[in-house]
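Understanding the architecture of this molecule
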Amino acid sequence: MIKQILGKIPRKPSKSSQNDAYSDGGANGNGPNSFHSSKSTSSSSKSSNLGSGTSRSSNGTLAPHSSSSTKSNHSKKSAPIAAQLGPLLSSGAYEALPSFRDVPSSERQNHFIKKLNMCCVVFDFNDPSKNLKEKDIKRQTLLELVDYISSVTSKFNEVAMQEITKMVAANLFRTFSSSNPDNKLPEMYDQDEEDQMMEPAWPHLQIVYEFLLRFVASPETDAKLAKRYIDHSFVLRLLDLFDSEDQREREYLKTILHRIYGKFMVHRPFIRKAINHIFFWFIFETEKHNGIAELLEILGSIINGFALPLKEEHKLFLVRALIPLHKPKCVSMYHQQLSYCISQFVEKDAKLADTVIRGLLKYWPITNSSKEVMFLGELEEVLEATQASEFQRCMVPLFRQIGHCLNSSHFQVAERALFLWNNDHIRTLITQNRQVILPIIFPALEKNTRSHWNQAVQSLTLNVKKIFSDIDQELFDECLLSFQEDESKEKETQDKRESTWKRLEDVAASKALGNEAVLVSRFASSVAIATNPIPRATSGS
């Protein structure tokens with residue numbers, strides 16, 4: 001009788017089984033790379049632990065179940081989550097799981113894992129009529145997961161983090177098939193273009209992105225623990241998604257990456273370096289990437305938070321990545337964000353103004369007028385943050401280029417260059433250094449007033465000339481006199497050149513009458529005539 005009673009008492013688990021049950025939350029087998037190594041093995045072992053006599057509480061520790069839950073966990077009906085869900089998905093029976101409201105509080109953590117595993121199934125959205133019921137079930141499940149992750153009041157444990165990143169990776173990480181066979185972006189980019197590519201799976205992707213965003217931003221997500229799963233590999237694959245042609249996806253990615261940068265300080269240098277590599281590949285290899293504007297938008301906030309004095313790494317980033325981004329033809333796609341980043345650097349460190357302006361001059365467009373207008377706009381923003389000492393270092397090459405812009409036959413380029421004098425700070429810099437600047441640009445101003453075809457350009461040029469004449473009439477008169485002298489010298493040179501060619505034509509005509517072949521080298525003939533004004537042919541005739 002006593003033996004029968006003792007036989008009904010549950011036996012105490014051995015130490016080895018206890019150690020196995022507690023080992024899933026430690027460092028063993030759960031390093032930073034565990035997200036990509038033996039994911040199925042670790043998830044199945046952790047799921048089996050959840051089904052054993054102990055359960056993981058919401059704060060990541062293991063606690064015993066109540067007597068009723070212990071009995072249910074030990075029953076034959078309850079199996080590890082992976083084992084439960086595997087046959088379900090393979091058999092094609094994709095059924096909705098009960099709502100979180102219908103599940104006891106003690107079981108919600110397990111139920112959360114089940115729903116995450118259920119959402120790892122990815123459906124084909126290229127065929128709208130396929131798996132309609134299953135797609136709707138998954139969408140409702142994803143919405144429930146978003147609500148759950150927003151309302152949770154305790155820290156996410158390691159099991160949950162691994163399953164979260166596994167579900168996110170299964171749905172988001174994919175390769176893109178380019179719709180542009182030449183792998184090049186158009187020279188002009190229209191953000192309002194109606195035929196932009198839309199991701200067919202967006203009804204599910206949007207909710208997954210919202211889920212990931214709320215997970216990263218949640219105060220219940222411990223960065224020290226989460227960095228094991230949101231690791232360098234995870235960040236790199238997120239960055240790959242920035243090449244998506246769907247702008248809605250890039251907007252979500254921009255917000256999520258910014259939150260990751262803010263929360264995971266250990267990843268910050270790596271994220272900056274990875275973005276650098278994307279820029280290098282874009283500038284020097286492909287000139288094709290859909291997410292440059294969004295990446296620059298993130299960097300604008302990052303640069304704004306740089307501590308002073310700026311590190312050498314940040315200055316190299318400006319010189320090697322940001323300034324060369326002016327080179328691609330499709331710069332209009334991201335120029336607004338690029339200009340903001342450049343201006344942030346100059347505002348942080350005024351000594352960088354000379355570096356930036358010379359970099360702009362290096363990549364200044366020659367035949368692309370619309371790009372030239374953008375460069376002039378950016379130049380104005382940079383000059384507005386430039387101090388007098390830095391301005392003096394680069395003003396000579398700068399105003400040589402501005403002089404070319406003033407004489408541009410494209411009226412928008414000439415107008416934009418003349419608008420620089422409307423900026424009070426820039427006008428002050430110019431007037432302070434007028435002794436150097438006015439002689440450089442005066443010929444361009446004078447030619448505009450005489451012969452530019454656009455009336456608005458002529459009017460603006462007269463205003464600029466008036467500014468100089470009002471400030472320093474003596475200098476203005478000197479420049480005018482010098483211009484007139486140069487003009488007369490140029491006219492004399494032109495007259496001599498025409499006279500020389502007239503004489504050569506006469507020589508050729510006289511030889512042609514005698515049926516003699518005449519071969520005249522332009523350079524040699526010019527030298528010969530310059531040394532001997534009277535042609536030799538006439539002396540023998």
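The structure reproduced in this document is the subject of the present report. This structure is a prediction, so every number in the text was calculated from the model and none was measured.

Turning next to the side chain of Thr461. Note on placement: Thr461 falls in helix α23 (residues 455-471). Once residues lying within four places of it in the same chain are set aside, the contact partners of Thr461 are Leu418, Leu445, Asn448 and Thr449.

Along the chain, the position of Ile402 falls in helix α19 (residues 388-406). A C-alpha to C-alpha distance of 9.5 Å links Ile402 and Ile440, two positions 38 residues apart in sequence.

Glancing now at helix α13 (residues 268-286). Taking 1.5 Å per residue, 19 residues should reach 27 Å; α13 reaches 26 Å between its end C-alpha atoms and fits that length. Here the buried face of α13 lies against α11 (232-240), α12 (247-263), α14 (292-304) and α15 (312-322). Immediately beyond the C-terminal end of α13, within one or two residues, lies Glu287, with a positive phi of roughly 55°.

Core analysis: the largest hydrophobic core is formed by 131 residues, its most contacted members being Phe112, Phe211, Phe279, Leu296, Leu322, Tyr334 and Phe399. Take this core: its biggest share by element is ten residues, from helix α9 (residues 202-217). Setting aside its immediate chain neighbours within four residues, Leu296 contacts Phe279, Leu322, Leu325, Tyr334, Gln337, Leu338 and Cys341.

Now for the pattern of salt bridges. Under the defined criterion, the tally for this structure stands at 27 salt bridges. Between Lys254 and Glu297 there is a salt bridge, and its shortest N-O distance comes to 3.0 Å. Residue Lys254 is located in helix α12, and its partner Glu297 is located in helix α14; the two are separated by 43 residues in the primary sequence. Taking the relative accessible area as the measure of exposure, Lys254 reaches 13% and is therefore buried. When the shortest N-O distance is used, the salt bridge between Asp495 and Lys491 registers 3.6 Å. Here the residue Asp495 and the residue Lys491 both occupy positions in helix α24 (residues 473-513), the gap between them amounting to four residues, near one helical turn. Classification of Asp495 as partly exposed rests on a relative accessible area of 38%.

For the rest of this paragraph, the subject is the packing of helix α8 (residues 158-172) against α9. Taken N-terminus to C-terminus, the directions of α8 and α9 make an angle of 150°; their axes are 10 Å apart at the nearest point. Classified by chirality, the crossing of α9 by α8 is left-handed. Across from Met161, Ile164, Met167, Val168, Asn171 and Leu172 in α8, the residues of α9 making contact are Leu205, Val208, Tyr209, Phe211, Leu212 and Phe215. In terms of residue class, the contact of α8 with α9 is built from eleven nonpolar, one polar and no charged.

Before going further, it helps to examine the packing of aromatic side chains. Applying the stated rule across the entire model yields 17 aromatic pairs. One residue, Lys115, lies across the ring of Phe100, its end atom 5.5 Å from the ring centre. The positively charged end of Lys135 is found above the aromatic ring belonging to Phe125, 4.5 Å away from the centroid.

Mapped onto the elements, Arg427 comes out in helix α21 (residues 424-432). Separated by 37 residues in the primary sequence, Arg427 and Val464 place their C-alpha atoms 9.9 Å from one another. The contact partners of Arg427, leaving out residues within four places of it in the chain, are Trp421, Asn422 and Ile467. Polar side-chain contacts of Arg427 include one of 2.7 Å to the backbone oxygen of Trp421.

Cut-offs and rules
Residues numbered from 1 in each chain as written. Predicted model: local features only at pLDDT ≥ 70, side-chain atom pairs only at ≥ 80, totals over all residues. Heavy atoms only, no water. Helix = DSSP H or I, 4+ residues; strand = E, 2+ residues; numbered from the N terminus. Contact = heavy atoms within 4.5 Å. Expected span 1.5 Å × (residues − 1). Core = buried A, V, L, I, M, F, W, Y, C linked by side-chain atoms within 4.5 Å. Buried < 20%, exposed > 50% of the residue type's maximum accessible area, 1.4 Å probe, protein only. Salt bridge = Lys/Arg side-chain N within 4 Å of Asp/Glu carboxyl O. Axes fitted to C-alpha atoms, helices over the stretch in contact; angles between N-to-C directions. Left-handed = near helix turned anticlockwise from the far one by under 90°. Nonpolar A, V, L, I, M, F, W, Y, C, P; charged D, E, K, R; others polar. Phe/Tyr/Trp six-rings, centres within 6.5 Å; stacked < 30°, edge-to-face > 60°. Lys NZ or Arg CZ within 6 Å of the ring centre and 35° of its normal. Polar contact = N/O pair within 3.5 Å; in protein donor to acceptor, adjacent residues only side chain to side chain.

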